[in-house]
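Coordinate inspection notes
Each chain, written out:
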Amino acid sequence: MKEIPTRTDPINEVPAETGENMLMRTRLLSRTVTGIFDGKLRPFGVSATQFALLEVIDRTEPATRAAIARNQQLDKSTLTRNLKSIFSRGWVEEVRETADGRSRPIALTKAGKQLLLDAASSWLGAQTEVRALLGRQGLLAVMSSADRITVPSGIPAPSAEIKKENGR
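Described below are features of the structure shown in this document. Computed from a predicted model, the values in this text were never measured in an experiment. (Residues numbered from 1 in each chain as written. Predicted model: local features only at pLDDT ≥ 70, side-chain atom pairs only at ≥ 80, totals over all residues. Heavy atoms only, no water.)

1. With respect to the pattern of salt bridges
Applied cut-off: A carboxyl oxygen of Asp or Glu within 4 Å of a side-chain nitrogen of Lys or Arg is what we treat as a salt bridge. Working definition: helices are DSSP H or I runs of at least four residues, strands are E runs of at least two. Numbering for both runs from the N terminus. Residue burial is assigned from relative accessible area. The probe radius is 1.4 Å, only protein chains are included, and a residue is buried under 20% of its type maximum, exposed over 50%, and partly exposed in between.
For the coordinates displayed, the defined rule picks out 4 salt bridges. The partner of K113 in a salt bridge is E61, and the shortest N-O contact between them spans 2.8 Å. With K113 in helix 5 (residues 110-150) and E61 in the loop between helix 2 (48-60) and helix 3 (65-72), this residue pair connects regions lying 52 residues apart in the sequence. Across the pair E94 and R104 runs a salt bridge, and its minimum N-O distance is 3.3 Å. Of this pair, E94 sits in strand 3 (residues 92-94) while R104 sits in the loop between strand 3 and strand 4 (106-108), and the two are 10 residues apart along the sequence. Note on E94: relative accessible area 24%, which makes it partly exposed. Within the structure, one salt-bridge network assembled from shared partners comprises R65, E94 and R104.

Shown next as structure tokens:
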């Protein structure tokens, strides 16, 4: 039988089996969670990625592309591709009144605002399903890990709801 090679885990300085493929495990988690949200939002003709982008724009509008990219931690080409899809659906528009020549702020259209209202209960249903799938400990582990990764880059800390669950 072939012995599984080990390496030192730089975070905990303990041996870690190379069979612990963190890339594949985190990708599986991401695909599963995204699939749940996509399934709940499918009847509205919007993907989870598009809906999340619409939510960010709604919270910060008029939003500049740079602010959206920072909030979503997206590079310019990915943001441009994602924005193209929601522009073409008529969910967002450029707001020329607040443009300063260097940026073209974006805001939700009436159709975009209505979509957020119409799909809100499905989004919350997906949240509930993911919470049940992960369980309390899994949810806290995911949120804690995300916080450690994103807070140094300027992304806001977790919502008050998660803080309350965590006893803070």
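2. Describing helix 4 (residues 76-88)
What sets the pattern is the α-helix's 3.6 residues per turn: residues three or four places apart point alike. Selection rule: By this rule, a helix spans an expected 1.5 Å times one less than how many residues it contains. Note that the arc is defined by the directions from the helix axis to the C-beta atoms. The criterion used for residue contact is that any of the two residues' heavy atoms lie within 4.5 Å.
With 13 residues, helix 4 should reach 18 Å at 1.5 Å per residue; the first-to-last C-alpha distance of 18 Å fits that figure. Along helix 4, the residues that are buried comprise T78, L79, N82, L83 and I86. Each buried residue of helix 4 sits inside an arc of 125° when the element is viewed along its axis, so together they form one side. Exposed and facing more than 90 degrees away from the buried side of helix 4 are K76, R81, K84 and S88. Structurally, helix 4 contributes buried residues whose contacts are with helix 2, helix 3, strand 3 and strand 4. G90 sits one or two positions beyond helix 4 and adopts a positive phi of about 80°.

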